[in-house]
Each structure stands twice: as structure tokens, then as C-alpha cells.
Number of protein chains: 2
Amino acid sequence: MSNIIITIGREFGSGGRIIGEKLAARLGISFYDKELIQLAAEKSGIHADVLKGADEVAANPFSSPFVPPSIDQGSLNDKLYKYQRDVIREIASRESCVIVGRCADYILKDYPNCIRVFIYADMEYKVKLIMERHHLKDTELIEKIIRRTDKNRRTYYQYYTDHKWGAREEMDLLIDSSLLGVDGTVDLLEKAARLKMEQAEA
Amino acid sequence: MSNIIITIGREFGSGGRIIGEKLAARLGISFYDKELIQLAAEKSGIHADVLKGADEVAANPFSSPFVPPSIDQGSLNDKLYKYQRDVIREIASRESCVIVGRCADYILKDYPNCIRVFIYADMEYKVKLIMERHHLKDTELIEKIIRRTDKNRRTYYQYYTDHKWGAREEMDLLIDSSLLGVDGTVDLLEKAARLKMEQAEA
């Protein structure tokens with residue numbers, strides 16, 4: 001059987017990461033999120049701590065093209081994108097897995113057994129989820145972090161793909177995680193993955 | 001147990017109607033699509049044949065407010081919308097069902113056990129599905145019909161709801177029917193409905 005890849009784009013606070021992690025465990029396949037930075041570090045020879053600051057952040061479109069690449073932050077972001085892209089392609093050709101973020105849906109768009117998922121929720125639900133998970137209380141601050149993080153993700157995605165972040169045209173399945181909650185969403189995505197695998201084997 | 005309602009918005013040719021029909025049969029609940037016109041006709045006293053021409057078509061925003069309502073087509077469209085809206089609310093309070101189109105997701109947005117689904121697919125898949133189903137061959141003509149029908153549905157939806165048609169913010173679940181095909185999509189939506197019903201009972 002060929003590999004099945006599930007890419008998960010997600011709004012911050014929607015539970016996308018934990019849903020992806022639980023889904024991978026259910027299916028007995030690998031899970032990649034922050035792990036991709038370490039792999040890109042190994043591939044590039046750039047220290048992971050340096051790359052972390054560039055993760056899912058677009059190169060600054062206003063950075064000067066005359067600044068030497070070695071000291072240009074924009075160039076570092078571009079490098080991380082390219083190394084992560086290569087890592088994602090290598091993983092997809094090697095094993096079944098769940099990959100969170102990093103434009104994986106776009107990078108693997110022509111891959112046959114790929115389910116491109118986007119997980120979102122309304123602001124109230126996301127704030128509640130973050131409050132519970134991180135024991136925070138300041139609603140206003142949480143909302144601010146959500147908006148800023150998603151702004152970064154949106155800019156990163158649009159910069160490297162030229163597509164709209166979370167648009168249905170780029171996705172196979174979009175689900176509001178408040179419909180069924182974290183575990184219910186995992187149940188539903190597991191069903192989608194098993195149906196896809198059955199069809200690939202038929 | 002309270003009723004479960006599944007509303008299905010759909011791009012023309014995505015298989016949304018047949019998916020809804022099969023889903024209702026699987027769950028053993030009622031299915032409403034064109035049936036809503038007949039029910040609106042009974043409620044309004046306007047003949048169903050007259051209402052058919054106004055189905056999922058928005059009132060013309062340029063029609064004169066000085067034309068007497070009885071002969072104004074825009075007014076007929078508004079009337080049909082309002083009668084269908086009342087019919088949809090009555091159905092939802094009475095029984096579990098699948099309702100296709102007619103802004104049902106918007107009309108029932110505060111309804112507790114409602115799953116608001118949108119079904120779409122890329123143009124190639126939709127053309128193929130229509131070709132097979134209606135034994136048509138003219139790809140260009142089919143594409144034209146798809147674009148025009150969806151334009152009407154989009155305009156109708158946006159006119160009566162002030163929301164963007166098929167935007168994820170208005171939906172709980174969006175699925176590209178080419179991911180799993182008609183029957184696979186029915187399988188997945190059945191799973192979603194059963195999970196929701198289990199949670200409602202818990």
C-alpha cells in the first residue's frame with residue numbers, strides 16, 4: 001500500500017496540533033510538527049535554535065535584496081522554508097504520517113494519497129481552549145495572541161504558496177473543531193483516513 | 001433525544017444533492033430539497049409551478065420599489081424565501097432531517113444539533129459527474145451551466161443572509177466530494193452525524 005499523508009493547517013487555538021498528534025497515534029503513523037525544524041537543521045547545518053525564530057514566518061518582503069544573505073533574516077526564512085519543503089517531500093515518499101502546518105498541503109498537492117485538512121473554530125471556542133490548556137485568564141491577551149499568530153501563519157502561507165490560507169479550494173476537508181470537540185474531530189478524521197486507505201487498496 | 005438537522009450547501013455538480021439523499025436514507029431521517037417548494041406552496045397558497053421559477057434565485061435588487069408587489073418578480077422571490085424559511089423552522093422543530101440549500105444553515109444557525117455542511121469539488125470532477133449522470137458530452141456547455149447555477153446560488157445566499165456563500169466561518173464541515181467520492185462522502189457524513197448524536201445524548 002502506498003503511504004497516506006494527512007496535512008493539517010490550523011487556526012491557533014483550534015486544537016489542530018493535538019488533533020493531529022492523537023490522529024497519528026490512532027493510525028499508528030508518524031507525527032511531524034516542530035520536529036520539522038530539527039530535521040531542517042540537520043539537513044542545512046544551521047542550528048535548530050537559529051531556525052526556530054524563522055518557523056512559519058514569511059521572509060520580510062521589504063528586506064533589501066542588497067543585504068548579504070548570511071546576515072539577512074528574510075533569507076534565513078526562505079532557507080528554512082526550502083529545507084522544510086525538501087524534508088516534507090522526503091518524509092512523504094518514505095512513510096505514512098500527519099504533518100502540521102508549514103504549507104505541507106501545498107508542497108504535497110500532487111501527492112496521490114494526501115488528505116489536506118484545515119481545522120478552525122470561532123474565537124470564543126479558541127479562547128476557551130487556550131485558557132484551559134495554558135491556565136491563562138486574560139481573554140483580551142489570548143485574543144491578541146490568536147490574531148497575531150494566525151496573521152503570521154496566513155502571511156507565511158500566502159507568501160510561499162500564492163494561495164489563500166484556509167481557502168476551501170486548497171483543502172479536501174475543513175472542520176470546525178467545536179462541532180465535535182478534540183476527540184470527536186480525531187474520530188472523524190480517523191474515519192476519513194481509513195476510507196481513503198480502503199479506496200487506495202481497492 | 002432532540003432532532004438532528006444536517007444542512008447541505010453545495011456547488012452544482014459536486015454530488016451534494018445525492019449525497020444528502022443517501023445520507024438521510026442511511027440515518028433513517030427525512031430529506032428535503034425540491035420538496036420545500038411544495039411545502040411553501042401549500043403554506044402560501046401560491047401554486048408550486050409559479051414558485052419553481054423563484055427557487056434559490058434572489059430578488060432583483062434593481063427592481064423598482066414602485067411596482068405593485070403582486071406583479072413584481074422580486075417580491076415573489078422574497079415571498080418564497082420567507083415561506084421556505086418558516087417551513088424549514090417548522091420541520092427542524094418537528095423531526096430530524098437533511099435539508100439541501102435554501103440558506104437552511106443560516107436559518108438554523110442557532111439550532112443546537114445542526115451540522116452545517118458544504119460540499120464542493122474542482123471543475124474537472126464536477127463536469128465528469130454531470131456528464132455521467134445526465135449523459136451529456138459538451139464540456140464547455142456543462143461548465144457554463146455550472147458557473148451560472150452557482151452564480152445564482154451565491155447571489156441568493158448572499159442576498160438573504162449577508163454572508164459569503166460556502167465560507168468556512170458559516171459552516172461546520174466542508175468537504176471536497178472528489179476526496180472520497182459520493183458514497184465515501186456519505187460514509188464520512190454518517191460518521192459525523194452519529195458522533196454528534198452520541199454527544200447530544202451523553
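Up top you'll find the structure we're talking about.
The notes below deal with the structure included here. (Residues numbered from 1 in each chain as written. Chains lettered and ligands numbered in written order. Predicted model: local features only at pLDDT ≥ 70, side-chain atom pairs only at ≥ 80, totals over all residues. Heavy atoms only, no water.)

### Focus on the interface of chain B and chain A
Facing 26 residues of chain B, the contacting portion of chain A comprises 26 residues. Between chain B and chain A, roughly 2200 Å² of surface is buried when both sides are summed, and carbon and sulfur atoms account for 60% of that area. The largest contributions to the chain B side of the interface with chain A come from Arg168(B), Leu179(B) and Leu180(B), which together make up 31% of the buried area. Connecting chain B to chain A are 2 salt bridges. Linking chain B with chain A are 15 residue pairs in polar contact (both at pLDDT 80 or more). Looking at the side of chain B that touches chain A, the elements that each hand over two or more residues are β4 (114–120), β5 (173–176) and α8 (181–201) of chain B. Examining the composition of the side of chain B that touches chain A, we find that 8 residues originate from one element, α8(B), more than from any other. Along the lines of polarity and charge, the residues of the side of chain B that touches chain A split into 15 nonpolar, 3 polar and 8 charged. Sheet topology note: the strand β5 (residues 173–176) of chain A/β5(B) ladder contains 3 bridges and is antiparallel. Bridging across to β5(B), Leu173(A) finds its partner in Ile175(B). (Contact = heavy atoms within 4.5 Å. Buried area = accessible area lost by both parts, 1.4 Å probe. Salt bridge = Lys/Arg side-chain N within 4 Å of Asp/Glu carboxyl O. Polar contact = N/O pair within 3.5 Å; in protein donor to acceptor, adjacent residues only side chain to side chain. Helix = DSSP H or I, 4+ residues; strand = E, 2+ residues; numbered from the N terminus. Nonpolar A, V, L, I, M, F, W, Y, C, P; charged D, E, K, R; others polar. Pairing = 2+ DSSP bridges.)

### So, unusual backbone geometry
The backbone of His135(A) sits at a positive phi, close to 50 degrees, despite the residue not being glycine. Accessibility expressed as a relative area gives 70% for His135(A), which makes it exposed. Positive phi outside glycine occurs at Asp162(B), with the angle close to 65 degrees. Following the sequence through the fold, Asp162(B) ends up in the loop between α7 (139–161) and β5. The exposure class of Asp162(B) is exposed, given its relative accessible area of 70%. (Buried < 20%, exposed > 50% of the residue type's maximum accessible area, 1.4 Å probe, protein only.)

### Thoughts on a positive patch on the surface
There is a patch of like positive charges on the surface, built from Lys151(A), Arg154(A), Lys164(A), Lys151(B), Arg154(B) and Lys164(B). When contributions to the positive patch are tallied by element, the ones reaching two or more residues are α7 (139–161) of chain A together with α7 of chain B. Mapped onto the fold, Lys151(B) is located in helix α7. Take Lys151(B): its relative accessible area is 54%, and that puts it in the exposed class. (Patch = residues over 30% accessible without salt bridge, like charges linked within 9 Å, V, L, I, M, F, W, Y side chains within 5 Å. Areas by Shrake-Rupley, 256 points an atom, 1.4 Å probe, with all protein chains shown as cover. Lys, Arg positive; Asp, Glu negative; His and termini not counted. Charge placed at Lys NZ, Arg CZ, Asp CG, Glu CD.)

### Digging into the relation of the copies chain B and chain A
The transformation that overlays chain B on chain A combines an axial shift of 0.0 Å with a rotation of 180 degrees, and the residual RMSD is 0.0 Å. The superposition of one copy onto the other is thereby described by a two-fold rotation axis. The C-alpha atom lying nearest the rotation axis in chain B is that of Leu174(B); the distance is 2.5 Å. Here 100% of the interface residues in chain B have copies in chain A that are interface residues too; the copies meet face to matching face. (Least-squares fit on C-alpha atoms with pLDDT ≥ 70 in both.)

### Quick notes on the nonpolar core
If you look at soluble globular proteins, the nonpolar side chains tend to sit buried side by side. Counting residues in hydrophobic clusters, the biggest one holds 52 residues, and the most contacted among them are Ile6(A) and Ile6(B). If sequence neighbours within four positions are ignored, Ile6(A) has contacts with Leu23(A), Leu27(A), Cys97(A), Val98(A), Ile99(A), Ile115(A), Val117(A) and Ala193(A). In this structure, Cys97(A), Leu36(B), Val87(B) and Tyr156(B) belong to the second largest nonpolar core, which totals 46 residues. (Core = buried A, V, L, I, M, F, W, Y, C linked by side-chain atoms within 4.5 Å.)

### Concerning helix α6 (residues 123–134) of chain A
Residues and elements named next belong to chain A. For α6, built from 12 residues, the straight-helix expectation of 16 Å at 1.5 Å per residue is met to within 8% by its first-to-last C-alpha distance of 16 Å. On its buried face, α6 is in contact with α7 and α8 (181–201). Following α6 by one or two positions, histidine 135 has its phi on the positive side, about 50 degrees. (Expected span 1.5 Å × (residues − 1).)

### Focus on the packing of α8(A) against α8(B)
α8(B) packs onto α8(A) with a crossing angle of 160 degrees between their chain directions and a minimal axis gap of 10 Å. In terms of axis orientation, α8(A) runs roughly antiparallel to α8(B). For the element pair α8(A) and α8(B), the recorded crossing hand is right-handed. Packed against α8(A), whose contacting residues are Gly184(A), Asp187(A), Leu188(A), Lys191(A), Ala192(A), Leu195(A) and Gln199(A), the element α8(B) presents Gly184(B), Asp187(B), Leu188(B), Lys191(B), Ala192(B), Leu195(B) and Gln199(B) at the interface. In terms of residue class, the contact of α8(A) with α8(B) is built from 6 nonpolar, 4 polar and 4 charged. (Axes fitted to C-alpha atoms, helices over the stretch in contact; angles between N-to-C directions. Parallel < 35°, antiparallel > 145°, perpendicular 65-115°, else oblique. Left-handed = near helix turned anticlockwise from the far one by under 90°.)

It is worth stressing that arrangement in space is one thing and function is another; only the former is reported here.
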